[in-house]
Amino acid sequence: MAAPLRLEPPGPAPARRALLARRIRLLVAATITYNAVEAAVAITAGTLASSTALIGFGLDSVIEVSSAAAVAWQFAGRDPQSRERIALRIIAVSFFALAGYVTVESVRALVGGAEAAHSTVGLGLAALSLAVMPLLSYAQRRAGRELGSRSAVADSKQTLLCTYLSAVLLVGLGLNSLFGWSWADPLAALVIAAVAVREGREAWRGDTCCAVPLTASPATERSAATTADDACGCPPDCSCCRD
């Protein structure tokens, strides 16, 4: 009689899970630290230069701190999965808050025609964030996918959104300094606001990562595997497979 087939449990082994959880905690701590400094510098420089874009960028950093703090709170518990839904709600709300603020301030800047002064500090900060944020986002998204953590992937998207905002800020400040085009930054920021709304909706629904749940049955695992696009077990229309 043939020996019964042993099915390995879905997801990484316990030791690997512990390593990934520690890695996510470290990445979240780095994100919080960087964004706290970024917020202080951007808001100060924006106030001195009367730059709505710089001040908005600093407030975005504050929102990112709240998003990263939600993930840090989740992974500080003994059972991070039990806290995931709450963490996702916090991240989604932070996306919506960011979109609302960027939209209001962009419209005010376009209608009011406010002109910001040149800011060397702002240009340098935007360039630095454009280099740092993609690395943090990629590392956290990769660990979150492997661990099957929707909240970690959602927070990595918040960090990636900061990359887009950094590019918008850099272009906007640059065009304003070189040509006096004060409308360039708020117009591009409206596009970022639309992206933030979309990411907030996905975080609220929990669609940010489609990894096979660690508690899934063998039948569920086999079913997911037949429709997966990659190793994370994502169906073809999953957001984490599109990135």
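Here, the structure is the one placed above.
Here is a short report on the structure shown in this document.

The rules we used
- Residues numbered from 1 in each chain as written.
- Predicted model: local features only at pLDDT ≥ 70, side-chain atom pairs only at ≥ 80, totals over all residues.
- Heavy atoms only, no water.
- Helix = DSSP H or I, 4+ residues; strand = E, 2+ residues; numbered from the N terminus.
- Buried < 20%, exposed > 50% of the residue type's maximum accessible area, 1.4 Å probe, protein only.
- Contact = heavy atoms within 4.5 Å.
- Areas by Shrake-Rupley, 256 points an atom, 1.4 Å probe, with all protein chains shown as cover.
- Phe/Tyr/Trp six-rings, centres within 6.5 Å; stacked < 30°, edge-to-face > 60°.
- Lys NZ or Arg CZ within 6 Å of the ring centre and 35° of its normal.
- Salt bridge = Lys/Arg side-chain N within 4 Å of Asp/Glu carboxyl O.
- Axes fitted to C-alpha atoms, helices over the stretch in contact; angles between N-to-C directions.
- Parallel < 35°, antiparallel > 145°, perpendicular 65-115°, else oblique.
- Left-handed = near helix turned anticlockwise from the far one by under 90°.
- Nonpolar A, V, L, I, M, F, W, Y, C, P; charged D, E, K, R; others polar.
- Patch = residues over 30% accessible without salt bridge, like charges linked within 9 Å, V, L, I, M, F, W, Y side chains within 5 Å.

**Here we look at the overall build of the protein**
- Secondary structure summary: the protein contains 8 helices and 0 strands in total.
- Order of helices (α) and strands (β) in the protein, N terminus to C terminus: α-α-α-α-α-α-α-α.
- Put simply, the protein has 243 residues, and 45% of those count as buried.
- Long-range contacts, defined here as pairs at least 24 residues apart, represent 75% of the contacts in the protein between residues at least 6 apart.
- Total accessible area computed for the protein in this model is approximately 12000 Å², and 65% of it derives from carbon and sulfur atoms.

**Digging into the packing of aromatic side chains**
- Scanning the entire structure with this criterion turns up 0 aromatic pairs.
- Directly above the aromatic system of Trp204 lies the positively charged group of Arg89, at a separation of 4.2 Å from the ring centroid.

**Let's talk about the side chain of Ser166**
- Here Ser166 shows up in helix 5 (residues 150–179).
- Assessed through its relative accessible area of 0%, Ser166 is described here as buried.
- When near neighbours in sequence (up to four residues on either side) are disregarded, Ser166 contacts Phe57, Ala126, Ser129 and Leu130.

**Things to note about the pattern of salt bridges**
- In the structure shown here, the tally under the stated rule is 3 salt bridges.
- Glu105 is the salt-bridge partner of Arg108, the closest N and O atoms lying 3.2 Å from each other. Placement of the pair is Arg108 and Glu105 together in helix 3 (residues 84–112), with a separation of 3 residues, close to one helical turn.
- Lys157 is paired through a salt bridge with Glu202; the nearest N and O atoms lie 3.3 Å apart. In this pair, Lys157 sits in helix 5 while Glu202 sits in helix 6 (residues 184–205), placing the two residues 45 residues apart along the sequence.

**Regarding the packing of helix 2 (residues 52–76) against helix 4 (residues 120–147)**
- One way to put it is that helix 2 packs onto helix 4 with a least axis distance of 14 Å and a crossing angle of 25°. Regarding the angle of helix 2 to helix 4, the classification is roughly parallel. Both helix 2 and helix 4 take part in a crossing whose hand is left-handed. Contacts from Leu54, Phe57, Glu64, Val71 and Phe75 in helix 2 reach Gly122, Leu125, Ser129, Met133, Gln140 and Leu147 in helix 4.
- Residue composition of the contact of helix 2 with helix 4, grouped by class: 7 nonpolar, 3 polar and 1 charged.

**Quick look at a nonpolar patch on the surface**
- There is a patch of nonpolar side chains on the surface, built from Val107, Leu110, Val111, Leu178, Phe179, Trp181, Trp183 and Leu187 and spanning about 850 Å² of accessible area.
- In terms of residue count, the dominant contributor to the nonpolar patch is helix 3 (3 residues).

**Some details on the environment of Ser94**
- Position of Ser94 among the secondary structure elements: in helix 3.
- Considering only alpha carbons, one finds Ser94 and Val65, 29 residues apart in sequence, at a separation of 9.6 Å.
- Other than its neighbours up to four places away in sequence, Ser94 contacts Ile63, Ser66, Ser67 and Gln158.

**What about the packing of helix 2 against helix 5?**
- For the pair helix 2 and helix 5, interaxial distance at closest approach is 10 Å and the crossing angle is 170°. Considering their axes alone, helix 2 and helix 5 lie roughly antiparallel with respect to each other. The chirality of how helix 2 crosses helix 5 is left-handed. Contact residues: helix 2 offers Ala53, Leu54, Phe57, Asp60, Ile63, Glu64, Ser67, Ala68, Val71, Gln74 and Phe75, while helix 5 offers Ser151, Ala152, Asp155, Gln158, Thr159, Cys162, Leu165, Ser166, Leu169 and Leu173.

From the geometry alone we can't say anything about function, so treat these as descriptive.
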